[in-house]
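A closer look at the structure
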Amino acid sequence: MAQLSFCRRSFSGRSCKNFTCAPSPSHPQVQPYCIVTMATQFTRMLAGRNTAAVLASLGAGTLATGYLLTDSTAAAERRMLYPPSADFPDLRKHNNCMAASLTPAIYAHLRDKSTPNNWTLNQSIQTGVDNPGHPFIKTVGMVAGDEETYEVFSEIFDPVIKDRHNGYDPRTMKHPTDLDSSKITSGVFDERYVLSSRVRTGRSIRGLSLPPACSRAERREVERVAVMALSGLKGDLAGRYYSLGDMNEREQQQLIDEHFLFDKPVSPLLTSAGMARDWPDARGIWHNNQKNFLIWINEEDHTRIISMEKGGNMKRVFERFCRGLKQVEQLIHERGWEFMWNERLGYILTCPSNLGTGLRAGVHVRLPNLSKDPRFSKILENLRLQKRGTGGVDTAATGDTFDISNNDRLGKSEVELVQLVVDGVNYLIDCEKRLERGQDIKIPSPLAQFRR
Amino acid sequence: MPFGNTHNNFKLNFKVEDEFPDLSKHNNHMAKVLTKEIYGKLRDKQTPSGYTLDDVIQTGVDNPGHPFIMTVGCVAGDEESYEVFKDLLDPIISDRHGGYKPTDKHATDLNFENLKGGDDLDPNYVLSSRVRTGRSIKGYTLPPHNSRGERRAIEKLSVEALTSLDGEFKGRYYPLKSMTDAEQDQLINDHFLFDKPVSPLLTCAGMARDWPDGRGIWHNDAKSFLVWVNEEDHLRVIAMEQGGNMREVFRRFCVGLKRIEEIFKKHNHGFMWNEHLGYVLTCPSNLGTGLRGGVHVKLPKLSTHAKFDEILGRLRLQKRGTGGVDTASVGGVFDISNADRLGSSEVAQVQLVVDGVKLMVEMEKKLEKGEAVDSMIPAQK
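From a predicted model like this one, the values you see are computed outputs, not experimental measurements. By convention here, each chain's residues receive numbers from 1 onward along its written sequence. Chain letters and ligand numbers both follow the written order, the letters beginning at A and the numbers at 1. Only residues with pLDDT of 70 or above have their local features reported here, since the model is predicted, and side-chain atom pairs are shown and tallied only from 80 upward, although totals for entire chains, interfaces and linings are computed over all residues. Side-chain figures throughout are based on the complete set of non-hydrogen atoms in the structure, without hydrogens or water.

Time to look at the overall build of chain B. Secondary structure elements follow DSSP: runs of H or I of four or more residues count as helices, runs of E of two or more count as strands, with numbering from the N terminus. For chain B, the count of helices and strands is 13 helices and ten strands. The C-alpha atoms of chain B give a radius of gyration of 21 Å, which matches the 21 Å a tight globule of 381 residues would have. The C-alpha extent of chain B, read off along each of the three principal axes, is 70 × 45 × 40 Å. Accessible area is worked out with a 1.4 Å probe on protein chains only. A residue is then buried under 20% of its type maximum, exposed over 50%, and partly exposed in between. When burial is assessed residue by residue, chain B has 62% of its 381 residues classed as buried. Radius of gyration: C-alpha atoms only; globule rule: 2.2 Å multiplied by the number of residues to the exponent 0.38.

Residue and element names in this part refer to chain A. Secondary-structure assignment places Ser 272 in the loop between α10 (268-271) and β3 (284-288). The sequence separation of Ser 272 and Val 129 amounts to 143 residues, and the corresponding C-alpha distance is 9.2 Å. Should any heavy atoms of two residues lie within 4.5 Å, those residues are counted as being in contact. Excluding residues within four positions of it along the chain, Ser 272 makes contact with Gln 126, Thr 127, Asp 130 and Asn 131. Polar contacts, as counted here, are pairs of nitrogen or oxygen atoms within 3.5 Å of one another; within protein the pair requires one atom able to donate a hydrogen and one able to accept it, and residues that are adjacent in sequence qualify only if both atoms are side-chain atoms. For Ser 272, the side chain forms a polar contact with the side chain of Asn 131, separated by 3.4 Å.

Right, let's get into the pairing of β3 of chain A. Residues and elements named next belong to chain A. By the criterion of burial, β3 is predominantly enclosed, with five of the five residues buried. Residues Gly 284, Trp 286 and Asn 288 of β3 are buried on one face, and the alternating residues Ile 285 and His 287, pointing to the opposite face, are buried as well. Any two strands with at least two DSSP bridges between them are considered paired. With five bridges connecting them, strand β2 (residues 239-243) and β3 associate as antiparallel partners. Paired with Tyr 242 across the two strands is Ile 285, which belongs to β3. Pairing of β3 with strand β4 (residues 293-297), which is carried by four bridges, proceeds in the antiparallel orientation.

This paragraph deals with the pairing of strand β4 (residues 225-229) of chain B. It is a general feature of regular strands that their side chains alternate between the two faces of the sheet. Residue and element names in this part refer to chain B. In terms of burial, β4 is a largely internal element, five of the five residues being buried. Burial along β4 is two-sided: the residues Phe 225, Val 227 and Val 229 and Leu 226 and Trp 228 are all buried. Pairing between strand β3 (residues 216-220) and β4: four bridges, direction antiparallel. Of the residues in β4, the one forming a bridge with Ile 217 is Trp 228. With five bridges connecting them, β4 and strand β5 (residues 235-242) associate as antiparallel partners. Along β5, the bridge assignment pairs Leu 226 with Ile 238.

Residue and element names in this part refer to chain B. By the element assignment, His 26 lies in the loop between α2 (16-19) and α3 (29-33). According to the relative accessible area criterion, His 26 is buried, its value standing at 17%. A polar contact of 2.9 Å, which involves the side chain of His 26, links it to the backbone oxygen of Val 61. The contact partners of His 26, leaving out residues within four places of it in the chain, are Ala 31, Gly 60, Val 61, Asn 63 and Pro 64.

Okay, the side chain of His 97 of chain B next. Residue and element names in this part refer to chain B. Examined against the element boundaries, His 97 turns out to sit in the loop between α7 (86-96) and β1 (126-135). Classification of His 97 as buried rests on a relative accessible area of 10%. The contact partners of His 97, leaving out residues within four places of it in the chain, are Pro 284, Ser 285, Leu 287, Arg 341 and Leu 342.

Right, let's get into the sheet that holds strand β10 (residues 333-338) of chain B. All names here are of chain B. If you walk across this open sheet you meet the eight strands as β2-β3-β4-β5-β1-β8-β10-β9, and the pairing is antiparallel. Unpaired on one side and paired on the other, β2 (171-175) and β9 (317-320) mark the two borders of the sheet. Put simply, the sheet's adjacent strands are angled 20° from each other on average, direction ignored. Against the sheet, helix α11 (residues 246-266) touches β1, β4, β5 and β8 (292-298), its axis set at about 20° to β1. Between the N-to-C directions of two axes lies an angle of 0 to 180 degrees, each axis being a line fitted to C-alpha atoms and, for a helix, fitted only over the stretch in contact. Packing against the sheet, helix α13 (residues 346-368) makes contact with β1, β8, β9 and β10, and its axis sits at approximately 145° to β10.

Time to look at the state of the cysteines. Two cysteine sulfur atoms form a disulfide, by the criterion used here, when they sit within 2.5 Å. Under the defined criterion, the tally for this structure stands at zero disulfides over all chains. Sulfur of Cys 351 of chain A: no disulfide; nearest cysteine sulfur belongs to Cys 97 of chain A and is 8.9 Å away. We classify Cys 351 of chain A as buried; its relative accessible area is 12%. You can see Cys 74 of chain B has no disulfide; the closest cysteine sulfur is in Cys 283 of chain B, sitting 7.1 Å from it.

A few words on the environment of Glu 436 of chain A. Residues and elements named next belong to chain A. Within the secondary structure, Glu 436 sits in helix α13 (residues 414-436). With 245 residues separating them in the primary sequence, Glu 436 and Glu 191 have C-alpha atoms 16 Å apart. When neighbours within four sequence positions are excluded, Glu 436 is seen to be in contact with Tyr 193 and Asn 369.

Let us now look at the packing of helix α8 (residues 148-163) of chain B against α11 of chain B. Residues and elements named next belong to chain B. It is the contact of α8 with α11, at a shortest axis distance of 9 Å, that shows an interaxial angle of 125°. Between α8 and α11, the crossing angle belongs to the class labelled oblique. Crossing of α8 over α11 shows right-handed handedness. Contacts from Leu 157, Ser 158, Ala 161 and Leu 162 of α8 reach α11 at Ile 260, Ile 263 and Phe 264. Here the residues of the contact of α8 with α11 sort into six nonpolar, one polar and no charged. If an angle is under 35 degrees, it is roughly parallel; if it is over 145, roughly antiparallel; if it lies from 65 to 115, roughly perpendicular; otherwise it is oblique. Left-handed describes a crossing in which the near helix is turned anticlockwise from the far one by less than a right angle; the clockwise case is right-handed. Put simply, Ala, Val, Leu, Ile, Met, Phe, Trp, Tyr, Cys and Pro go in the nonpolar bin, Asp, Glu, Lys and Arg in the charged bin, and everything else, Gly too, in the polar bin.

Residue and element names in this part refer to chain B. Turning to α7, its buried residues number three or more, namely Leu 88, Leu 89, Asp 90, Ile 92 and Ile 93. The inward-facing, buried residues of α7 abut α3, α4 (36-42), α5 (53-62) and α6 (81-84). Within two residues after α7, Gly 98 carries a phi angle of roughly 60°, on the positive side.

Okay, the confidence of the model for chain A next. Confidence of the predictor at the level of single residues is captured by pLDDT, which takes values from 0 to 100. Scored by pLDDT, chain A comes out at a mean of 84, with 81% of its residues at no less than 70. Here residues 1-23 of chain A is modelled with pLDDT under 50, and outside its nearest four sequence neighbours on either side it reaches 69 contacts, counting other chains as well.

Next up on the list: the confidence of the model for chain B. All names here are of chain B. Scored by pLDDT, chain B comes out at a mean of 93, with 96% of its residues at no less than 70. Under a pLDDT of 50 for its full length, residues 1-5 has, in the predicted model, 33 contacts with residues more than four places off or in other chains. The ipTM, which scores confidence in the relative placement of chains, is 0.89 for this predicted complex, and the corresponding pTM is 0.86.

Attention shifts here to α13 of chain B. Residues lying three or four places apart along an α-helix face the same way, a consequence of the helix completing one turn every 3.6 residues. Helix span is expected to be 1.5 Å times the residue number reduced by one. The end-to-end C-alpha distance of α13 of chain B, which contains 23 residues, comes to 33 Å, matching closely the 33 Å that a straight helix rising 1.5 Å per residue would cover. One or two positions beyond α13 of chain B, positive phi appears at Gly 370 of chain B, with a value near 80°.

In structure tokens, the structure reads:
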């Protein structure tokens with residue numbers, strides 16, 4: 001594989017002459033992204049932890065138990081005292097993707113490596129060690145600290161990705177990116193059933209560490225880059241930013257009432273991964289004046305982008321989504337920044353479950369008859385859809401209204417996934433109407449997982 | 001080490017102003033002391049095990065605190081933290097421990113014979129007596145920082161040491177992760193079991209990582225001497241019993257501690273201690289003796305006296321509810337213990353508890369008889 005230089009963004013936002021080296025959807029002809037970095041001022045030795053030997057500093061009177069050695073010797077000593085087998089986590093009671101794939105051999109091979117930002121395997125898996133999981137729900141159990149995590153620790157991330165994304169093999173497959181919303185057909189639903197439509201995804205800013213790893217300055221930089229770009233949006237996308245820390249009570253209540261405000265994470269899945277550090281510093285919400293295009297800054301990802309509206313016009317929601325995303329990308333390009341993306345994994349996000357498109361397209365839909373039919377779950381499964389309560393993930397449905405969205409994220413493009421949701425929801429509504437009329441319904445044949 | 005802030009050198013590419021935390025809404029010792037100057041001076045340093053300034057202060061950044069209660073807002077990751085980051089920790093220690101200076105020396109006295117009295121607290125009022133402290137084992141990093149391998153090594157060594165005890169200290173170890181349901185219920189009924197920390201003060205400092213790996217409880221057969229392994233400190237040592245014989249509790253505490261220390265020393269892993277800070281523990285508030293000696297005592301009348309809090313202050317005591325720190329009292333029963341940790345010895349601190357509680361019980365009895373107690377209010381100790 002060609003060894004390309006990976007260009008880290010300069011932190012003042014000046015564009016770098018190596019800008020076009022890394023591939024992006026607008027430059028797909030560039031060869032696959034390779035993680036081996038040049039010795040830029042931001043490259044760190046990949047040899048192991050604690051390799052920042054020069055900067056260890058000891059005060060007077062510290063103890064002579066070997067700690068007066070230089071840091072790299074101390075680090076080597078510790079590694080000898082505690083071989084990987086001493087540190088291997090006890091995963092016998094665990095049920096998550098990380099625990100299913102991590103072996104002592106893989107751990108031994110990866111434990112002493114680190115990314116250029118000094119992020120380690122132990123940090124990636126901490127959330128999966130701390131949260132054994134649920135017998136019925138398989139969580140992912142690991143997170144990325146930066147873009148390079150997926151390369152340096154590919155030995156564990158690749159099998160986890162394969163497990164989570166139904167056999168998608170990052171070593172051999174390519175992920176398609178397609179944000180051309182004009183391709184969507186039949187994207188307007190019957191509003192007697194569909195109450196609202198929504199599409200969300202995430203985007204990470206290349207060159208800055210992800211939420212589990214980022215320092216306060218990096219997080220503030222993400223905020224600065226994103227807010228600057230968003231302030232350039234015009235027309236129906238023009239809007240404003242509300243910083244979580246500076247919000248007044250009236251603004252806060254308004255955002256709560258509109259269901260826009262996000263809270264400090266309480267889920268241990270997120271807090272164990274360090275994503276709530278320094279809250280609410282550099283966190284905020286941006287939305288357009290029409291209140292149908294919304295960005296979360298520095299929650300679980302650098303940015304979460306949401307397009308939504310009441311009613312059933314999914315095509316318009318997706319059109320605005322694609323247009324907004326493209327404009328934001330253009331605005332950050334103008335200042336020398338870009339999104340994390342590569343051909344193997346698509347858009348790079350904090351959680352491996354959101355790789356690829358990071359896209360969840362869904363509706364709130366009333367299905368009073370269908371939801372009581374014993375075939376409902378199987379129909380959803382074959383359509384590659386999932387149901388949630390109207391409060392989002394881990395909530396129960398109230399009444400007969402469900403949140404129905406795509407299962408998949410990686411291996412299918414945005415257009416394909418939205419079309420899948422459109423076709424699937426139309427099918428569900430058709431079933432509902434048939435049951436209303438006393439007619440029978442059919443379980444559809446299962447859709448293919450992804451194109452090979 | 002395990003938390004996200006350890007890519008220290010990478011952060012040095014940003015200016016101090018960009019990395020400095022926003023402490024405008026904070027009320028803890030760390031927020032009061034930390035300035036951009038101190039931050040700038042210390043942020044390129046690490047201890048030999050890799051603990052950094054941001055690791056030290058993370059819990060204080062994440063937990064702004066309470067308008068009325070001053071938390072410490074920082075932790076140590078290893079013994080060297082107190083040296084490498086002394087520019088931040090010395091002023092915090094001074095604030096927290098009554099003006100203790102960087103040049104002061106701390107006296108350790110675990111000779112229980114030096115305690116006067118303490119065996120005659122009225123059991124009609126004093127329901128139970130307890131002394132606890134913490135100990136850190138030299139050569140290992142502390143709970144906010146240690147790896148699974150280290151934590152397990154600490155557990156192994158501790159269990160070896162404890163299970164070699166005999167006589168009144170003969171007992172057994174219950175590892176948290178392999179406890180049976182029956183054992184768990186028993187330990188809960190005995191009020192011995194500790195839970196995975198939920199307080200964000202502890203979780204933000206990384207002390208709940210890998211739970212329950214490497215954690216456990218040891219107690220003697222008589223259930224009067226108890227050791228927690230790898231909770232907030234390497235070891236928490238507790239002696240307790242029903243009734244008011246604080247002297248006996250302190251004797252058992254001192255004897256047991258000394259025995260344990262000897263065994264650790266034989267393995268070349270004595271306790272972390274130095275002349276200036278006494279016993280070194282995770283939280284700066286527990287430096288010195290790390291000792292909290294206290295009783296559960298019935299003071300329904302005295303506790304409603306207008307000068308109750310002032311009396312406690314003068315006696316150098318503090319009150320808590322019977323559920324421990326941050327709980328309310330129930331039925332006029334209070335947990336009364338020493339307020340100091342650093343700058344006075346174990347004997348001196350337990351002496352304050354013994355003398356102070358004796359006095360307050362006498363005051364309670366006077367109030368029961370309808371007599372005034374103003375003449376009994378003590379001078380500042």
